[in-house]
Amino acid sequence: MVHVNGPNKNSFTAMASLKQAFQSHNIVLIGMPGSGKTTLAKLLSEHMTRQVVDTDVVITQNYGDIPSLFTVSEDHFRKIETEVIRKASLAHGTIIATGGGAVTRPENMDYLARRGIVFFIDRPIELLYQEVEIKDRPLLTDNRDHILELYNQRLPLYRQFSHHTINNCGTKKEAVDQFVAILKEKYGLQNNQ
Ligand SMILES: Nc1ncnc2c1ncn2[C@@H]1O[C@H](COP(=O)(O)OP(=O)(O)OP(=O)(O)O)[C@@H](O)[C@H]1O
Ligand SMILES: O=C(O)C1=C[C@@H](O)[C@@H](O)[C@H](O)C1
Ligand SMILES: [Mg+2]
């Protein structure tokens, strides 16, 4: 029996078998803009042959580019994001990469945790400064120091809403290895299934 810390703890214990439970669950990545959610979701999907849904990509494809949606208002973007997250959360066995601000609306995290194992991608702030591409991230374009403010505001939320943390301070492969180790140890991942 697997004990999972955090929200929506017991869907695993209720399922007939661990394997069945694991295969029906989504793997959800949350974390700061530029922390590596999109990148690691793709690498993990190659490793596990699961599909990726990247909510920022779905938004862009269906509603237009993110900076333009923010031009209407942040609330306009957030409503769209919530609807995209709601739909993405209905999937089974998918890897869901979220936008950095998904944690700012608790209903998003409710949807994602219903059948999601939620991983916080924790990338040190110095590395976010170095690598984050601010052009497509409207909340960061006016002032790079805003990253620190967002980090301080959101860190407690990323912790609160995640079941596990990936310390993305080494190579991308090391980060993927951390996912695999947790999925094997806690959820019975075998042969990448
Ligand atoms: N472990 C790592 N080593 C080197 N570069 C990394 C690592 N993790 C992420 N990066 C780089 O950081 C940048 C941002 O990553 P990515 O776009 O995946 O972030 P994100 O969390 O999806 O951001 P957003 O919330 O804005 O969508 C990319 O250039 C990616 O290659
Ligand atoms: O941190 C945020 O609030 C955001 C991060 C990006 O992934 C996009 O979802 C959008 O730019 C908002
Ligand atoms: Mg992304």
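- By the naming in an unreviewed UniProt entry, the protein is Shikimate kinase, taken from Sporolactobacillus laevolacticus DSM 442.
- The record in UniProt for the protein states the following under Subunit (unreviewed entry): "Monomer."
- Regarding the protein, the UniProt comment filed under Sequence similarities (unreviewed entry) reads as follows: "Belongs to the shikimate kinase family."

1. Brief notes about the overall build of the protein
Step number 1: A count of helices and strands for the protein gives eleven helices and five strands.
Step number 2: The buried share of the protein, reckoned over its 193 residues, is 47%.
Step number 3: Sequence separation of 24 or more characterises 72% of the internal contacts of the protein that already satisfy a separation of 6 or more.
Step number 4: Roughly 9,600 Å² of accessible area belongs to the protein as shown, and the carbon and sulfur atoms make up 50% of that amount.

2. Looking at the packing of helix 4 (residues 55–63) against helix 6 (residues 74–88)
Step number 1: For the pair helix 4 and helix 6, the least separation of the axes is 10 Å and the interaxial angle reads 110°. Judged on the interaxial angle alone, helix 6 and helix 4 are roughly perpendicular. In terms of crossing hand, the pair formed by helix 4 and helix 6 is right-handed. Seen from helix 4, the contacting residues are Thr55, Asp56, Val58, Ile59 and Tyr63; seen from helix 6, they are Phe77, Ile80, Glu81, Glu83, Val84 and Ile85.
Step number 2: By residue class, the composition of the contact of helix 4 with helix 6 is seven nonpolar, one polar and three charged.

3. Comments concerning the UniProt feature "binding site: Mg(2+)" (unreviewed entry) in the protein
Step number 1: Under the feature "binding site: Mg(2+)" (unreviewed entry), the UniProt entry names Thr38.
Step number 2: Assignment of secondary structure puts threonine 38 in helix 3 (residues 37–48).
Step number 3: Residues contacting threonine 38, with those up to four places away along its chain left out, are Asp54 and Ala97.

4. Quick notes on the packing of helix 6 against helix 7 (residues 106–114)
Step number 1: Helix 7 packs onto helix 6 with a crossing angle of 10° between their chain directions and a minimal axis gap of 9 Å. Between helix 6 and helix 7, the angle is such that the two are roughly parallel. Taken together, the residues of helix 7 that come into contact with helix 6 (itself represented by Glu81, Thr82, Ile85 and Arg86) are Glu107, Asn108, Tyr111 and Leu112.
Step number 2: In the contact of helix 6 with helix 7, the residues fall into three nonpolar, two polar and three charged.

5. Description of the nonpolar core
Step number 1: Core analysis: the largest hydrophobic core is formed by 21 residues, its most contacted members being Phe22, Ile27, Leu29, Leu44, Phe119, Phe179 and Leu183.
Step number 2: When contributions to this core are tallied by element, the ones reaching two or more residues are strand 1 (26–30), helix 3, strand 3 (95–97), strand 4 (116–122) and helix 11 (172–187).
Step number 3: For this core, the leading source of residues is helix 11, giving seven residues.
Step number 4: Excluding residues that lie within four positions of it along the chain, leucine 44 makes contacts with Ile27, Ile95, Val176, Phe179 and Val180.

6. Overview of the UniProt feature "binding site: ATP" (unreviewed entry) in the protein
Step number 1: Listed under "binding site: ATP" (unreviewed entry) in the UniProt record, and renumbered for this structure, are Gly34, Ser35, Gly36, Lys37, Thr38, Thr39 and Arg137.
Step number 2: Residue placement: glycine 36 occurs in the loop between strand 1 and helix 3.
Step number 3: When its relative accessible area of 34% is taken as the criterion, threonine 38 is described as partly exposed.

7. As for the packing of aromatic side chains
Step number 1: Enumeration according to the criterion identifies four aromatic pairs in this entry.
Step number 2: Aromatic side chains phenylalanine 119 and phenylalanine 179 sit 4.7 Å apart centroid to centroid with 50° between the ring planes, which places their arrangement in the tilted category. One end of the pair, phenylalanine 119, is in strand 4; the other, phenylalanine 179, is in helix 11, with 60 residues separating them in the sequence. The exposure classification of phenylalanine 119 matches that of phenylalanine 179, with both residues buried.
Step number 3: Arranged with centres 5.2 Å apart and planes meeting at 15°, the rings of phenylalanine 120 and tyrosine 158 form a pair that is stacked. With phenylalanine 120 in strand 4 and tyrosine 158 in helix 10 (residues 146–161), the pair connects residues that are 38 residues apart, well separated along the chain. Side by side, phenylalanine 120 and tyrosine 158 carry an identical accessibility label, which is buried.
Step number 4: Note that arginine 50 overlies the ring of phenylalanine 22, its terminal NZ or CZ placed 4.8 Å from the centroid.

Basis of the calculations
- Residues numbered from 1 in each chain as written.
- Chains lettered and ligands numbered in written order.
- Predicted model: local features only at pLDDT ≥ 70, side-chain atom pairs only at ≥ 80, totals over all residues.
- Heavy atoms only, no water.
- UniProt positions renumbered as here; feature names shortened; annotations may be inferred.
- Helix = DSSP H or I, 4+ residues; strand = E, 2+ residues; numbered from the N terminus.
- Buried < 20%, exposed > 50% of the residue type's maximum accessible area, 1.4 Å probe, protein only.
- Contact = heavy atoms within 4.5 Å.
- Areas by Shrake-Rupley, 256 points an atom, 1.4 Å probe, with all protein chains shown as cover.
- Axes fitted to C-alpha atoms, helices over the stretch in contact; angles between N-to-C directions.
- Parallel < 35°, antiparallel > 145°, perpendicular 65-115°, else oblique.
- Left-handed = near helix turned anticlockwise from the far one by under 90°.
- Nonpolar A, V, L, I, M, F, W, Y, C, P; charged D, E, K, R; others polar.
- Core = buried A, V, L, I, M, F, W, Y, C linked by side-chain atoms within 4.5 Å.
- Phe/Tyr/Trp six-rings, centres within 6.5 Å; stacked < 30°, edge-to-face > 60°.
- Lys NZ or Arg CZ within 6 Å of the ring centre and 35° of its normal.

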